[in-house]
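The chain contents come next:
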Amino acid sequence: MEDIPDTAESTRGVECPACNATNPPDTTVCVECGYSLVGEPAPFEPGVILEGRYRIDREVGRGGMGVVYRGSDLTLSREVAIKAMLASRADAGVLARFMHEARSLASVEHPRLVPVYAVGQEQGVYYMVMKFVEGEPLSDVLSAGQTVTEETVQRLIVEVCGALSVLHQHNLIHRDLKPANLIQGPDGSFTVMDLGIVKSTDDATTNATNAAGTPRYMAPEMFSNDPVDARTDLYALGVVAYQALSGVTPFDGPTPMSILYKQAHVEPQPIRRLNPSISKPMAEVIHKLLRKAPNKRFQSASD
């Protein structure tokens, strides 16, 4: 009897384990991030060894694009993280960008940017091998509307901007900066993760037909024909900081389109109305990051 839901339970929305969005009942794919809600088989089973070197140990998480495993580098006797693409997301265009940008990221180094050790293909599955970072996603820290201290957000902004500055210097844009992609380590430091949909500023494809990201953290230019550049990541950082200090994102809604409409046309509620303890300088920084027009935001991560 425990396996048979009652009527009230059966009419509830389906929560996505990847982005925590609530989907209509009987939804099979998350309307917000594209994550499969029907238990898509994992690309690799524990024990598989990639390149004769990287062993898959166990699955530790899933996102809209792929599965993340904890693994072992058998050559150097160290833990690694291995991200493998889900079969449902493995169309030719996505795979080509995944491999191209992963190779580019392998040459980018910063203490707050997870290093990429290798990229490859095994059993028809594309994957990247990265440093394993101890800690927990900021999304877990902020679950159920929790907040963190202003001092923590100051550190978050400084460290993430350091990582973004290096990415941007290499003409790369993260495009999916959000709490789930920021790991807070045991020492309180933050590491930028999940670079699978990173975009080169040299990519001339239009944004409207190649939009990627999570609606609650997407800058207005990401779903228009306006250029996407370093300032797009800064907008997402502003959303993260706003949420970390207030417990809510600036914009929310029942559907991705309703959220994107607000991103483009509605001004965020002043954050000090939600949390009067926030200092004026911090509030000013956050609201400048959240300006609709990119030329009114900070113009670079180093700024």
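Just so it is clear, the structure is predicted and the values come from calculations on it, not from any experiment. (Residues numbered from 1 in each chain as written. Predicted model: local features only at pLDDT ≥ 70, side-chain atom pairs only at ≥ 80, totals over all residues. Heavy atoms only, no water.)

Draft legend 1. Examining the overall build of the chain more closely. Within the chain, the regular secondary structure consists of eight helices and 13 strands. Residue burial in the chain is summarised as follows: out of 303 residues, 50% are buried. Sequence-distant contacts in the chain: of pairs separated by 6 or more residues, those separated by 24 or more amount to 56%. With an accessible surface of roughly 14,500 Å², the chain has 50% of that area assigned to carbon and sulfur atoms. (Helix = DSSP H or I, 4+ residues; strand = E, 2+ residues; numbered from the N terminus. Buried < 20%, exposed > 50% of the residue type's maximum accessible area, 1.4 Å probe, protein only. Contact = heavy atoms within 4.5 Å. Areas by Shrake-Rupley, 256 points an atom, 1.4 Å probe, with all protein chains shown as cover.)

Draft legend 2. How the structure looks around the pattern of salt bridges. Overall, the coordinates contain 10 salt bridges when judged by the stated rule. Residue R155 pairs with E159 through a salt bridge whose shortest N-O separation is 2.8 Å. Highlighted residues: R155 and E159, both in helix 4 (residues 150-169), separated by four residues, approximately one helical turn. Close ionic contact of D252 with R216 constitutes a salt bridge, the shortest N to O distance being 3.0 Å. In this pair, D252 sits in the loop between helix 5 (230-246) and helix 6 (256-265) while R216 sits in the loop between strand 13 (199-200) and helix 5, placing the two residues 36 residues apart along the sequence. (Salt bridge = Lys/Arg side-chain N within 4 Å of Asp/Glu carboxyl O.)

Draft legend 3. Region of interest: the sheet that holds strand 5 (residues 66-73). Strands sit in the order 3-4-5-6-8-7 across an open sheet of six strands; the sheet is antiparallel. Only two strands of the sheet have a single neighbouring strand rather than two, namely strand 3 (49-50) and strand 7 (116-122). Bridge analysis of strand 4 (residues 54-62) against strand 5 gives seven bridges, and the strand direction is antiparallel. Pairing of R55 across the sheet is with S72, part of strand 5. (Pairing = 2+ DSSP bridges.)

Draft legend 4. Structural context of the packing of helix 4 against helix 5. One can describe the packing of helix 4 onto helix 5 by two numbers: an axis separation of 11 Å at closest approach and a directional angle of 165 degrees. Here helix 4 lies roughly antiparallel to helix 5, going by the angle between them. You can see that helix 4 and helix 5 cross each other, and the crossing is right-handed. Contact with helix 4, carried on its side by E150, V153, L156, I157, V160, C161, L164 and H168, involves A230, D233, L234, L237, V240, A241, A244 and L245 of helix 5 and no other residues of that element. Considered class by class, the residues forming the contact of helix 4 with helix 5 number 13 nonpolar, one polar and two charged. (Axes fitted to C-alpha atoms, helices over the stretch in contact; angles between N-to-C directions. Parallel < 35°, antiparallel > 145°, perpendicular 65-115°, else oblique. Left-handed = near helix turned anticlockwise from the far one by under 90°. Nonpolar A, V, L, I, M, F, W, Y, C, P; charged D, E, K, R; others polar.)

Shape descriptors only; they carry no functional weight alone.
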